[in-house]
Amino acid sequence: MILFDHVTKVYASSQARPALDDVSLEIEKGEFIFLVGPSGSGKSTFLRLVLREERPTRGQVWVLGKELNRLSNWKIPAMRRQIGTVFQDFRLLPNKTVFENVAFALEVIGKPSSHIKKVVPEVLEVVGLEGKEGRRPDELSGGEQQRVAIARAFVNRPMLLIADEPTGNLDPGTSIGIMKLLDRINKLGTTVVMSTHDSQIVDQMRRRVIELEAGHVVRDQSRGVYGYAR
Amino acid sequence: MRATFVASEVGTGLRRNLTMTLAVIITVAVSLGLFGASLLVRAQVSTMKDFWYDKVEVSIFLCSKGSDTPSCAGGAVTNAQRDQIEADLESLRPLVEDIYYESKAEAYARFQEQFKNSPIVDNVTENALPESFRVKLSDPTKYDVVASAFAGRPGIEQVNDQRQILDKFFRLLGGLQLIALLIAMSMLIVTVLLIVNTMRVAAFSRRRETSIMRLVGASNFYIQLPFLLEAALAAGLGALLAIGTLIASKAILIDQVLAPSFQFTAFVGWDAVAGIAPLMLLTGVGLAGLAAFFTLRKYLRV
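This section reports on the structure supplied with the text. (Residues numbered from 1 in each chain as written. Chains lettered and ligands numbered in written order. Predicted model: local features only at pLDDT ≥ 70, side-chain atom pairs only at ≥ 80, totals over all residues. Heavy atoms only, no water.)

What follows concerns the overall build of chain B. Counting secondary structure elements, chain B contains 10 helices and 4 strands. Taking 302 residues into account, the globule formula puts the C-alpha radius of gyration at 19 Å, and chain B, at 31 Å, lies well above it. Taken along its principal axes, the extent of the C-alpha atoms in chain B is 100 × 40 × 30 Å. Each of the 302 residues in chain B was classed as buried or not, and the buried ones make up 42%. Of the roughly 15900 Å² that chain B leaves accessible, carbon and sulfur atoms contribute 64%. Positive and negative charge centroids in chain B, built from 28 and 26 side chains respectively, lie 21 Å apart. (Helix = DSSP H or I, 4+ residues; strand = E, 2+ residues; numbered from the N terminus. Rg over C-alpha atoms; globule rule 2.2 N^0.38 Å. Buried < 20%, exposed > 50% of the residue type's maximum accessible area, 1.4 Å probe, protein only. Areas by Shrake-Rupley, 256 points an atom, 1.4 Å probe, with all protein chains shown as cover. Lys, Arg positive; Asp, Glu negative; His and termini not counted. Charge placed at Lys NZ, Arg CZ, Asp CG, Glu CD.)

A few words on the interface of chain A and chain B. Between chain A and chain B, the residue contacts involve 27 residues of the former and 17 residues of the latter. For the pairing of chain A and chain B, the buried interface totals around 1900 Å² over both sides, and the portion due to carbon and sulfur atoms is 61%. For chain A, the biggest contributors to the area lost against chain B are Arg80(A), Phe104(A) and Val108(A); these three give 30% of the whole. Here chain A is connected to chain B by 1 salt bridge. For Glu53(A), the salt bridge goes to Arg214(B), with nearest N and O atoms at 3.1 Å. (Contact = heavy atoms within 4.5 Å. Buried area = accessible area lost by both parts, 1.4 Å probe. Salt bridge = Lys/Arg side-chain N within 4 Å of Asp/Glu carboxyl O.)

To continue, consider the pattern of salt bridges. All names here are of chain A. Applying the stated rule across the entire model yields 18 salt bridges over all chains. As a salt-bridge pair, Glu53 and Arg48 come within 3.8 Å of each other at their nearest N and O atoms. Judged by relative accessible area, Arg48 falls into the partly exposed class, the value being 31%. Salt-bridge contacts for Asp89 lead to Arg91; the nearest nitrogen and oxygen are separated by 3.3 Å. Residue class for Asp89 comes out partly exposed when judged on its relative accessible area of 44%.

Residue and element names in this part refer to chain B. Of note, Leu22 is situated in helix H2 (residues 18-53). Take Leu22: its relative accessible area is 46%, and that puts it in the partly exposed class. Along the sequence, Leu22 and Gln263 sit 241 residues apart, while their C-alpha atoms lie 41 Å from each other.

Soluble globular proteins tend to bury their nonpolar side chains together. In this structure, Val108(A), Leu32(B) and Met280(B) are the most contacted members of the largest nonpolar core, which totals 50 residues. Elements supplying a minimum of two residues to this core: helix H3 (98-107) of chain A together with helix H1 (3-16), H2, helix H7 (162-205), helix H8 (207-215), helix H9 (220-261) and helix H10 (270-299) of chain B. Core analysis: the second largest hydrophobic core is formed by 41 residues, Val86(A), Val98(A), Leu106(A) and Ile201(A) among them. (Core = buried A, V, L, I, M, F, W, Y, C linked by side-chain atoms within 4.5 Å.)

Residue and element names in this part refer to chain B. Where H2 contacts H10, the two axes come as close as 10 Å, and the packing angle between them is 150°. Taken together, H2 and H10 sit at an angle that is classed as roughly antiparallel. Along this stretch, H2 crosses H10, giving a crossing that reads as right-handed. For the pair H2 and H10, contact is made by Leu32, Gly33, Phe35, Gly36, Leu39, Leu40 and Ala43 and by Ala272, Val273, Ile276, Leu279, Met280, Thr283 and Gly284, respectively. Its residues assigned to classes, the contact of H2 with H10 comprises 10 nonpolar, 4 polar and no charged. (Axes fitted to C-alpha atoms, helices over the stretch in contact; angles between N-to-C directions. Parallel < 35°, antiparallel > 145°, perpendicular 65-115°, else oblique. Left-handed = near helix turned anticlockwise from the far one by under 90°. Nonpolar A, V, L, I, M, F, W, Y, C, P; charged D, E, K, R; others polar.)

Before going further, it helps to spend a moment on the side chain of Ser38(B). Residue and element names in this part refer to chain B. When you line up the elements, Ser38 lands in helix H2. What makes Ser38 buried here is its relative accessible area of 0%. Engagement of the side chain of Ser38 in a polar contact is seen with the backbone oxygen of Phe35, the distance being 3.1 Å. Not counting residues within four places of it along the chain, the set of residues in contact with Ser38 comprises Gln177, Ala180 and Leu181. (Polar contact = N/O pair within 3.5 Å; in protein donor to acceptor, adjacent residues only side chain to side chain.)

The structure is reproduced here in structure tokens:
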């Protein structure tokens, strides 16, 4: 699913220290991964490399069977359609309703409206937002907004879901609901890679944990916890 | 491809950016209006050239008794000289298309007709006017061939090309056209810069949408299409305004005002307008599309 082969990423603005330094790891299909580590440890860079928003300075990144360096620009959209993305700040369109926000993801890749009318209610049911199709984001709680974002990421039934601190803006109770949803999506067959600072969640879920520090993988543990010293 | 979705995106974009859109429409209209006007002046000059060059003649004035040019030292032109000149003109066919001899009496009659309202007629006698050959050339630009063959020959006082007088006038019109074209070009540059900025603002004001589009895997084409259509639509509206102005100028300024007052010359027809209008539309929409495309390539990357 994802393979990092001696990947180093150095940003032009900070030549001195690489954001990722010679990282090699593999993520199998169907796994649920927690990516942990302090701010600046390279979690976001890792996710951006998977999405091909950045290119590695050295090494190869394989996603969904393709080496991203060799993927030409015009093939990137097709690749991203197989990857769902969720962010800490939800990234919803404030002037569109719940239904329209999810439908937007399908409209912009040219899906016919008959298809949209069928799959959007389905995915809203999966994330538990049935009956709230007509609401706007500012009429929803944080947890509900994140469910809309997850519905949008999952509506294409992607092979891979990237979640960048999806519970970072939510209280613990709401976070548990979001984690149950992501777990459910994982059980439906989608590989989930989630970066987080939330030790409680990691400790409860007992999934594979990859810990980064200063651009290095310092721990890769199946059924891990957030950190030894905490 | 979802046409209704793209159309609604375009509509939203235009409304959200209304002042910039208006600015684009107006600058496109003004610059293309000038562009079209300069093309129309060029068409007018070429119409007048066709009209007048068809009528201009080379006049070969023959010596009369009082002529004081060196070639007339031998006094008035002799019959032999006149015959020789005519024979030489004949030998220049087909460049020489038409030869017409104007006698002193005919010259006097024409002079009287031309200046019938002027007191000068009373002071001029038939003898003061020279006899001449009026020569029409198949290619009026080859005047030099005739001039070099006849100027300075005994019996010939002067070789005159009417075209040279007209050319001064055409040069004036040509200069005006060039100025209009230069202003139009600088306006077009302003327009392109304005469109570049408009696209930057539009891309910025919709960065949320476009970032989501990128994430969910919308193609570049799909992301850029609404912006391109907005630019093309605004430019197209401006071009239509300019074309409307051009048609109004032809219908009112040329056909109703100028043509009745200057009946002796020809004016551009509707065919010229019909040729210029599509060019204006194409220039406007094409320039806007290109400007938008290159701006978006920079601001909306995958």
